[in-house]
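Residues per chain are reported as follows:
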Amino acid sequence: MTKRILRSILLVAVLVLAASTGATLGILYYHFGGQLEEELRREASYLSVSVEKEGIEAFDDLPADAERVTYIDTDGTVLFDNRADENGMENHGDREEVKEALEQGSGRAVRNSDTLSQRTLYYALRLSDGKVLRVSSTQYNIPGLLGGMIQPLLIILILMAALSAWIAYRVSRGIVEPINQLDLDHPEDNQVYDEIAPLLTKINRQQKQIRREIADAKRQQEEFSIITENMEEGFVILDVHTEVLSYNSSALKLLGAEESRERRSILAMNRSQEFQRIVEQVLSGRHVITMLELGDRSCQIAANPVFHDNEVSGAVLLILDMTERMKGEQMRREFTANVSHELKTPLTSISGFAEIISDGFVKPEDTRKFAGRIFKEAQRLITLVNDVIKISQLDEGKLPYEREETDLYELCREILRRMEERASAAGVHLYLKGPHKKITTVQTILDEVLNNLCDNGIKYNKKGGNLTVTIEEGEGETRISVEDQGIGIPAEDQKRVFERFYRVDKSHSKAIGGTGLGLSIVKHGAMYLGAEVKVESTLGKGSTFTLVLPEQ
Ligand code: ADP
């Protein structure tokens, strides 16, 4: 801008200078031209008086530096000329000023000289005897004048140009400086030129709009991030060149990629061939939904192409972690198979005993014995079915029970009271220790959990062994431990005993009426109560199962 202003001012200065020089020269030229003509007129009139009186002798007194004087006869013959030899001069009768003088008494003419830079002014006067006296003088014309003044003119021009350049520089800086110092963050606080006030107002308005739009975009982006970040599903948006435009941390985790600030291709986030094929397919415009193993996770990928003007412009990938669901389904399948198997054994026995009786192979005195066996197997079946029902209910999490205030000591006493008969039959001594701690919990489930633990504590105890239930208040938690002095659990089995139908010694468990579901119910029940179950056990010495209940 400074340069432009500078150039404009310079141009104006040079033009003004040239125009004013030209105009001045023109005025001077015409002014002096007029003066010269006047002088010629005067000189001619003075000289005419002398010539009228003395004739041709009057020219003898002409000073050497006098203007050119020509004395012409009535027929045009040059009688005298102070600058040339009159004898060699041609007839002047046809000269414009001479003709005019002969006709009207006086005449004037201007003719350019041989040298283009000059012109000659002629003034002719008819004398009383009809002869003509002509006085002429040469004057520089405008180009001639200019040629003569070129040097001073150039010097003035250069000086003026330098001066105007300096002024232009100062002026343009003076104009531009305040504009450069405008505070565009607060456009309306500037009071520089009235002319740019509307511009500043407009900038201010636009800035407010831009700020509003940026804030809106930021808010939308944040909302989008909050939504996507809280999604368990992986979420990726990519453009048609596979470049990732947006993703959430679940996507990073599932694809096994590192966080990166730079834009990158989705193909760099997971290099498995199957995944690359999915990306290729979706970017060719096909909707893809498929299962994919990503590391140790089983994922379902739903890939949707995004179209713009009937062309694929990118894709949205949704990655669902199906590992737990698949595991759950696998577990359910195994559970169903196990349940069927477990049901089959007692049913086969019942059916076998009944068949023998109906075939009449059993002596009447043995009927009671067989009926007793059928009853035992039927009891086993009932226990098993009850356990399956309990575990299914816990699995679904749809239990109709209410939370209520429970005195743990009273609950444990009641459970042990129910066990007394079985304990004395097994020769196990029951003990209960601890305070009357009250908590709010789902009593039915806690009863079931503790009942199973105590039941195992008797089943897997030794004759004459103890079963001790201890209630302890800890920091922010309550612990109920069930300790027995029985056979113990090998270290490698301690984690697995909570699995459905897992038994350390299958025949022993079956012999004592176990279903293999007791500890599984304990684990699920504890989860339902928000509690944790721990096991400590030494083979041959006994086991301690501890239920850690959080403070309500
Ligand atoms: P079960 O009906 O066979 O007792 P559980 O799920 O209650 O099934 O227990 C699973 C297995 O864990 C049992 O078969 C047994 O081998 C072992 N177990 C459970 N409790 C004890 C315990 N207190 N002492 C020793 N072993 C135990």
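The protein chain has the name histidine kinase in an unreviewed UniProt entry, where Candidatus Blautia merdavium is given as its organism. Under the heading Catalytic activity (unreviewed entry), UniProt records this for the protein chain: "ATP + protein L-histidine = ADP + protein N-phospho-L-histidine." UniProt, in its Subcellular location (unreviewed entry) section for the protein chain, records the words "Membrane".

What follows is about empty space enclosed by the protein. Under the counting rule described, the total for this entry stands at one cavity of 30 Å³ or more. Here the largest cavity defines a volume of roughly 50 Å³.

Considering soluble globular proteins, one finds that nonpolar side chains tend to be buried as a cluster. One finds Leu446, Leu450, Cys454, Val469, Leu547 and Leu549 to be the most contacted residues of the largest nonpolar core, which totals 47 residues. Examining the composition of this core, we find that eight residues originate from one element, helix α9 (residues 408–426), more than from any other. The contacts of Leu450, once residues within four sequence positions are left out, are Leu411, Cys412, Ile415, Ile480 and Leu547. With 25 residues, the next largest nonpolar core counts Val244, Ile266, Leu292 and Ile319 among its residues.

What follows deals with the sheet that holds strand β14 (residues 466–474). The strand order across the open sheet built from five strands is β12-β14-β15-β17-β16, with neighbouring strands paired in mixed fashion. Each having just a single partner strand, β12 (429–433) and β16 (532–538) make up the two edges of the open sheet. The average angle at which neighbouring strand axes cross in this sheet is 15°, direction not considered. The sheet contact formed by β14 and strand β15 (residues 477–484) spans eight bridges and is antiparallel. Residue pairing for β15: Gly474 is matched across the bridge by Glu477. Sheet strands in contact with helix α10 (residues 443–459) are β12, β14, β15 and β17 (542–550), and its direction is about 170° off that of β17.

Neighbouring the ligand are 21 residues; Tyr460, Ser509, Thr515, Gly516 and Leu519 lie closest to it. Measuring from an oxygen atom of the ligand, one finds a side-chain N or O atom of Ser509 at 2.5 Å. One of the backbone N or O atoms of Gly518 is found 3.3 Å from an oxygen atom in the ligand. Protein chains shield 98% of the accessible area of the ligand, which is 530 Å² for the free molecule. Its atoms largely coinciding with the cavity grid, the ligand occupies the largest pocket.

Rules of the game
Residues numbered from 1 in each chain as written. Predicted model: local features only at pLDDT ≥ 70, side-chain atom pairs only at ≥ 80, totals over all residues. Heavy atoms only, no water. UniProt positions renumbered as here; feature names shortened; annotations may be inferred. 1 Å grid on protein atoms, 1.4 Å probe; cavity = no way out; pocket = protein on both sides within 12 Å on 5 of 7 lines; lining within 4 Å. Points joined across faces, edges and corners; volume = space filled by probe spheres on them. Core = buried A, V, L, I, M, F, W, Y, C linked by side-chain atoms within 4.5 Å. Buried < 20%, exposed > 50% of the residue type's maximum accessible area, 1.4 Å probe, protein only. Helix = DSSP H or I, 4+ residues; strand = E, 2+ residues; numbered from the N terminus. Contact = heavy atoms within 4.5 Å. Pairing = 2+ DSSP bridges. Axes fitted to C-alpha atoms, helices over the stretch in contact; angles between N-to-C directions. Near = heavy atom within 4 Å. Polar contact = N/O pair within 3.5 Å; in protein donor to acceptor, adjacent residues only side chain to side chain. Areas by Shrake-Rupley, 256 points an atom, 1.4 Å probe, with all protein chains shown as cover. Sits in = over half its atoms within 2 Å of the grid points.

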